[in-house]
Amino acid sequence: MPDRPWPAAPVIYQIYPRSFRDTTGSGTGDLNGITSKLEFVADLGVDAIWLSPFYPSPMKDGGYDIADHMEVHPALGTLGDFDHLVARAHDLGVRVMIDQVFNHTSTEAPWFKRSVARDPVYDDYYVWADPKPDGTQPNNWLSQFGPPAWTWNHKRRQYYFHNFTSDQPSLNLRNADVQAELKQIMQFWRDRGVDGFRIDAVTSLLFDPSLKDNPPATPEVRDKVSGENFVPYTYQDHAHDILPGDGVDYIQNLRDWAGEGAFLIGEVTSGNKSVDLACRLVADGGMSAAYTTDLPEKKATAAAYADILDRSDDPGHLGWWLSSHDQTRHLGKAGDGSAREARFFALLLATAPGSVLIYQGEELGLVQPALPKAAVTDPLDLLYWPDGPGREGARVPYPWAEGGNRGFTTGAPWLPMDWPEGISASVQHIDKGSVLNFYRDALAFRRASMQDLTLRHWERDGDVIRLSYPAAYVVLNFGAEAVEVEGAADLSSDRIDGTLPGRAGAVWLR
Ligand code: NOJ
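Here we summarise the structure given alongside this text. Owing to the predicted nature of the structure, the values given are computational and were not obtained by experimental measurement.

1. So, the site of the ligand
Reasoning step 1: Taken together, Asp61, Tyr64, His104, Phe145, Phe164, Gln168, Arg198, Asp200, Glu267, His325, Asp326 and Arg391 make up all the residues around the ligand.
Reasoning step 2: Contacts to the ligand include Asp61, whose side-chain N or O atom sits 2.6 Å from an oxygen atom.
Reasoning step 3: Within the contact set of the ligand, an oxygen atom lies 2.9 Å away from a side-chain nitrogen or oxygen of Asp200.
Reasoning step 4: For the shell around the ligand, the per-class residue count stands at 3 nonpolar, 3 polar and 6 charged.

Rendered as structure tokens:
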């Protein structure tokens with residue numbers, strides 16, 4: 001693998017390990033389960049897989065609260081299993097990317113415990129600050145989930161900073177020893193054959209050390225929020241807690257630590273100004289690509305699609321996606337749940353001008369089942385229950401087969417699997433007209449006929465987006481009404497008969 005360079009805009013398949021396939025009967029997916037299904041993933045026609053965290057973790061944030069960045073969670077396997085997974089993926093021509101969560105660790109990480117104890121080596125590994133004279137928090141910063149970003153530690157008589165939950169203390173990435181640790185982590189995984197990294201919450205890695213208050217967001221900044229103003233975080237202008245002056249330059253460190261040839265894709269969770277930040281991160285080759293939550297959170301409308309193109313000078317280096325482990329599956333949220341619309345969204349992704357992220361199960365046209373509160377473990381869903389983002393529902397394990405626990409596990413699945421009949425991978429595999437086979441066709445088409453994704457021209461006309469590439473012309477009709485088009489398309493998500501129906505897309509090769 002490493003001697004073959006990455007495509008400029010790869011198609012990356014995201015696997016949430018706990019929910020992909022269980023080989024031990026524990027009810028939780030594991031690394032060997034992923035390996036057992038890599039052939040299926042390769043057949044889909046993707047360039048790479050991205051594994052969400054599989055590291056030791058108390059699972060206070062679905063594994064994004066890491067206790068040891070250089071081990072495998074015992075419930076998910078061993079380092080030997082990981083090596084086996086990488087070898088099998090490479091045999092199949094699939095590159096392996098893993099999540100690197102460098103913004104924070106778990107409170108259970110030995111580094112944090114030593115920092116709390118003021119061990120001189122670890123004293124400054126995290127972001128500690130004294131209270132204001134009246135005992136309140138050092139500044140007005142908020143966590144991205146809503147509550148204040150500071151939690152009191154009575155042992156140190158100080159507050160610690162956290163961009164997410166209080167179980168995820170933020171690391172002090174300006175500390176040279178922390179930097180050396182992160183470099184070691186990246187090299188450890190590169191040595192095991194990893195080809196690239198998805199950098200979690202990349203925009204939060206650096207903040208202004210003066211810890212100044214953030215000003216309120218101007219109406220203009222608030223307008224640019226990815227979704228609704230659901231959390232107070234969007235009410236601030238993140239002038240000081242998100243990539244300050246030297247923040248973008250800092251990204252070059254990640255590039256250096258990752259070593260030659262690694263593909264780095266960054267997750268921008270800044271809430272507002274997101275596309276602008278993503279563009280700055282990819283400028284000068286810092287990150288290979290970056291993606292924001294705008295398209296999924298704005299329910300994949302033509303306006304949202306056009307807004308991203310409007311605000312970016314380099315759409316080829318953005319990541320295009322609709323679903324993830326953090327979002328309600330798009331087919332039910334932005335669509336009507338039908339196979340027809342699943343094909344439309346598949347075509348939208350397959351024709352996108354940059355890297356594409358596909359979340360496990362969207363190739364089956366899944367609409368996520370409702371979960372009872374008692375089953376939910378996700379901190380964000382629970383904080384706003386029942387009005388949260390529905391992150392846990394997107395993690396309901398994968399339906400490989402019909403009956404029983406759908407070929408996911410022989411035990412009791414860690415989340416209820418209330419999938420309808422007839423949607424499993426085994427059924428769709430042999431049905432020529434299935435959503436699964438449309439994803440395969442659409443990705444094969446992108447690979448064979450749309451190699452040059454330089455966007456020559458694009459336009460939005462109401463609910464219709466038209467994209468012009470050197471060798472292909474794409475029409476995406478997000479609206480309900482049919483639009484006139486000329487001639488038979490080379491690929492379409494629905495039947496074309498002089499018109500392209502509503503909620504459909506098509507591509508013509510030149
Ligand atoms: C983004 C991850 O995708 C999400 O699941 C997590 O809660 C936050 N980063 C914090 O790590």
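2. Looking at the sheet that holds strand β11 (residues 355–359)
Reasoning step 1: As summarised here, the arrangement of the 8 strands in space is β9-β8-β7-β3-β2-β1-β11-β10, forming an open sheet in which the pairing is parallel. The sheet is open, and its two borders are formed by β9 (289–291) and β10 (319–321), each paired with just one other strand. When the angles between neighbouring strand axes are averaged without regard to direction, this sheet yields 25°.

3. A short note on unusual backbone geometry
Reasoning step 1: The omega angle of the peptide bond from Trp385 to Pro386 is 0°, so this bond is cis rather than trans.
Reasoning step 2: Counting through the fold element by element, Pro386 comes out in the loop between α13 (379–383) and α14 (425–429).
Reasoning step 3: Its identity as a non-glycine residue notwithstanding, Arg118 has a phi of 55°, on the positive side.
Reasoning step 4: Inspection of the secondary structure puts Arg118 in the loop between α4 (110–116) and β4 (128–129).

4. Some details on the side chain of Glu267
Reasoning step 1: With respect to the secondary-structure elements, Glu267 resides in strand β8 (residues 263–267).
Reasoning step 2: Looking at Glu267, the relative accessible area reads 7%, which means it is buried.
Reasoning step 3: Among the polar contacts listed, one links the side chain of Glu267 to the backbone nitrogen of Ala201, at a separation of 2.8 Å.
Reasoning step 4: Residues within four places of Glu267 in sequence aside, it is in contact with Arg198, Ile199, Asp200, Ala201, Val202, Thr203, Tyr291 and Asp326.

5. What to know about the pairing of strand β3 (residues 95–100)
Reasoning step 1: By the criterion of burial, β3 is predominantly enclosed, with 6 of the 6 residues buried.
Reasoning step 2: Neither face of β3 is left uncovered, since the one carrying Arg95, Met97 and Asp99 and the one carrying Val96, Ile98 and Gln100 both have all their residues buried.
Reasoning step 3: Alignment of strand β2 (residues 48–51) against β3, held across 4 bridges, turns out to be parallel. Looking at β3, one finds that Leu51 is bridged to Ile98.
Reasoning step 4: Taken together, β2, helix α3 (residues 79–91) and β3 form a β-α-β motif whose crossover is right-handed.
Reasoning step 5: Pairing between β3 and strand β7 (residues 196–199): 4 bridges, direction parallel. By the bridge assignment for β7, Asp99 is matched with Arg198.

Each value, and the rule that gives it
- In this convention, every chain numbers its residues from 1, walking through the sequence in written order.
- Only residues with pLDDT of 70 or above have their local features reported here, since the model is predicted, and side-chain atom pairs are shown and tallied only from 80 upward, although totals for entire chains, interfaces and linings are computed over all residues.
- Note that the side-chain values use all heavy atoms of the structure and ignore hydrogens as well as water.
- When we say a residue is near a molecule or strand, we mean one of its heavy atoms is within 4 Å of it.
- The definition of a polar contact used here is a pair of N or O atoms within 3.5 Å, where within protein one atom must be able to donate a hydrogen and the other to accept one, and adjacent residues in sequence count solely through side-chain atom pairs.
- Ten residues, namely Ala, Val, Leu, Ile, Met, Phe, Trp, Tyr, Cys and Pro, are considered nonpolar, four, namely Asp, Glu, Lys and Arg, are considered charged, and the remaining ones, Gly among them, are considered polar.
- In this analysis, strands are considered paired if DSSP registers two or more bridges between them.
- Put simply, DSSP H or I for four residues or longer makes a helix, DSSP E for two residues or longer makes a strand, and each gets a number counted from the N terminus.
- Axis geometry follows a simple rule: fit a line to the C-alpha atoms, using only the stretch in contact for helices, then measure angles between N-to-C directions, giving values from 0 to 180 degrees.
- Each residue is placed in one exposure class: buried if its accessible area under a 1.4 Å probe, protein chains only, is under 20% of its type's maximum, exposed if it is over 50%, and partly exposed if it falls in between.
- In what follows, residue pairs with any heavy atoms lying within 4.5 Å of each other are defined as contacts.
- Viewed with both strands pointing away, a crossover whose connecting path from the first strand over the helix to the second turns clockwise is right-handed.

By themselves, these are just geometric observations and shouldn't be taken as functional.
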